[in-house]
Amino acid sequence: MAGRADGSRHTLAGLPVQATPSAAPTIAAMALHFEVHPVDPQPRLLKQAAQILQGGGIAAIPTDSSYALVCRLDDKAAAERLRSIRAVDAKHLFTLLCRDLSELASYARVDNRQYRMLKVGTPGPFTFILEATKEVPRRVSHPSRRTIGLRVPENRVTQGLLEAMGQPLLASTLIMPGETDPLNDAAEIIERLDGQLQAVVDAGACPMHPTTVIDLSGAEPVLVRRGWGDPAALGLAFETEVE
């Protein structure tokens, strides 16, 4: 059973502890359950969830498309545990969730043409594949093309957590091995993944709309997946998409 977060600082077993700045972070088996308002999320609870992520934890969080598993970008051990939960190999591409276009541009090489498209599509239901900068660890980018998927979510809970983190989050849609649809209920996420997560941020059900994925790393844009976002809004027209 997951612990419930309240106003005091907790261990991941739900017991109050005295803060000790010099202490090493501990990864425990029990997930803390943060119930937040979907429109006006409590900053105090988001800050607590961010502290768990900063300490090496993995969290399930709501986004404007679905629930996602997230961890700190530069945390190799957490990223490997995330891969294990999803049962995906090193070829699986993560997505970087960024606060805004300015932050996104720190982790991807963006020319003027791409920037104009990104400005229209962020925040919003698009994931853009771009050439990664050296700020992105090689282990989370495409092994041969050195690309990374990035997006700026239009969700107040996600944005509040990113603000509390002060950096992007490495993310993967919360789809369990052998299944096709993301988990969309916090209670089910806790029941099925308690012991593998350190936090669940619960803002109710997500829209369950996949993002539209557009590859901007080549000479011409390529539609990788048609989802919630309309490419026409970016001035793009595609007859087919990549399988």
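Residues numbered from 1 in each chain as written. Predicted model: local features only at pLDDT ≥ 70, side-chain atom pairs only at ≥ 80, totals over all residues. Heavy atoms only, no water.

Caption draft 1: Looking closely at the nonpolar core. Judged by nonpolar contacts, the single largest core of 46 residues is most densely connected at Leu 96, Leu 150, Leu 174, Ile 189 and Leu 197. Elements with a minimum of two residues in this core: strand S4 (68-72), helix H2 (76-86), helix H3 (101-107), helix H4 (112-121), strand S6 (126-131), strand S7 (147-151) and helix H6 (186-193). Not counting residues up to four positions away in its chain, the partners in contact with Leu 174 are Ala 60, Tyr 67, Ala 68, Leu 69, Pro 182, Leu 183, Ile 189 and Leu 193. Val 36, Ala 68, Val 157 and Ala 199 belong to the second largest nonpolar core, which has 23 residues in total. (Core = buried A, V, L, I, M, F, W, Y, C linked by side-chain atoms within 4.5 Å. Buried < 20%, exposed > 50% of the residue type's maximum accessible area, 1.4 Å probe, protein only. Helix = DSSP H or I, 4+ residues; strand = E, 2+ residues; numbered from the N terminus. Contact = heavy atoms within 4.5 Å.)

Caption draft 2: Seen up close, the confidence of the model for the protein chain. Across the protein chain, pLDDT averages 88, with 86% of residues at or above 70. This model gives residues 7-25 a pLDDT under 50, and the stretch forms 23 contacts once residues within four places in sequence are excluded. (pLDDT = per-residue confidence, 0-100.)

Caption draft 3: Quick look at the pattern of salt bridges. For the structure on display, the rule yields 11 salt bridges. The closest approach of N and O atoms between Asp 64 and Arg 151, which form a salt bridge, is 2.6 Å. With Asp 64 in the loop between strand S3 (59-61) and S4 and Arg 151 in strand S7, this residue pair connects regions lying 87 residues apart in the sequence. For Arg 99, the salt bridge is made with Glu 163, and the minimal N-O distance between the two is 3.8 Å. A residue pair is termed long-range when its members are at least 10 positions apart, and Arg 99 in the loop between strand S5 (95-97) and H3 and Glu 163 in helix H5 (residues 156-165) qualify at 64 residues. One continuous salt-bridge network, built from bridges that share partners, spans Arg 72, Asp 74 and Asp 75. (Salt bridge = Lys/Arg side-chain N within 4 Å of Asp/Glu carboxyl O.)

Caption draft 4: Up close: H5. Taken as a whole, H5 has its buried residues at Val 157, Thr 158, Leu 161, Leu 162 and Met 165. The arc enclosing the buried residues of H5, seen along the axis, measures out at 135°, which places them on a common side. Pointing more than 90 degrees away from the buried face of H5 are the exposed residues Arg 156 and Glu 163. Residue Asn 155 occupies the N-cap position of H5, its side-chain oxygen lying 2.9 Å from the main-chain nitrogen of Val 157. With its phi angle positive at about 75°, Gly 166 sits one or two positions after the end of H5. (Arc of directions from axis to C-beta. Polar contact = N/O pair within 3.5 Å; in protein donor to acceptor, adjacent residues only side chain to side chain.)

Caption draft 5: Region of interest: H4. Along H4, the residues that are buried comprise Gln 114, Met 117, Leu 118 and Gly 121. Viewed end-on, H4 has its buried residues packed into an arc of 100°, placing them on one side of the element. In H4, the exposed positions angled more than 90 degrees off the buried face are occupied by Asn 112, Arg 116, Lys 119 and Val 120. Where H4 is buried, its residues meet H3 and S6.

Caption draft 6: Summary view of the side chain of Thr 212. Along the chain, Thr 212 falls in strand S10 (residues 212-215). Within the structure, Thr 212 has its side chain in polar contact with the backbone oxygen of Gly 229 (distance 2.5 Å). Not counting residues within four places of it along the chain, the set of residues in contact with Thr 212 comprises Pro 125, Phe 126, Thr 127, Leu 223, Arg 225, Arg 226, Gly 227, Trp 228, Gly 229 and Pro 231.

Caption draft 7: Geometry of the pairing of strand S11 (residues 222-225). Across three bridges, S10 lies against S11 in antiparallel orientation. Residue Asp 215 lies in a different strand from S11, and its bridge partner there is Val 222. (Pairing = 2+ DSSP bridges.)

Caption draft 8: Region of the structure containing the environment of Pro 221. For Pro 221, the position within the fold is in the loop between S10 and S11. Look at Pro 221 and you get buried, because its relative accessible area is 16%. Sequence spacing of Pro 221 and Ile 129 is 92 residues, and the spatial spacing of their C-alpha atoms is 9.6 Å. Beyond its immediate sequence surroundings of up to four residues, Pro 221 is in contact with Arg 113, Met 117, Ile 214, Asp 215, Leu 216, Leu 236 and Phe 238.

Caption draft 9: Expanded view of the packing of aromatic side chains. Under the definition given, this model contains one aromatic pair. Each ring, one from Phe 126 and one from Phe 128, has its centre 5.9 Å from the other, and the planes form 25°; the classification is stacked. The class for Phe 128 is buried, based on a relative accessible area of 0%. (Phe/Tyr/Trp six-rings, centres within 6.5 Å; stacked < 30°, edge-to-face > 60°.)

Caption draft 10: Here's a closer look at the packing of helix H1 (residues 43-54) against H5. In contact at an axis separation of 9 Å, H1 and H5 are set at 60° when each is read in the N-to-C sense. Taken together, the axis directions place H1 and H5 in an arrangement best described as oblique. In this structure, H1 crosses over H5, and the sense of that crossing is right-handed. Touching Leu 46, Lys 47, Ala 49, Ala 50, Leu 53 and Gln 54 of H1 are Val 157, Gly 160, Leu 161, Ala 164 and Met 165, all from H5. (Axes fitted to C-alpha atoms, helices over the stretch in contact; angles between N-to-C directions. Parallel < 35°, antiparallel > 145°, perpendicular 65-115°, else oblique. Left-handed = near helix turned anticlockwise from the far one by under 90°.)

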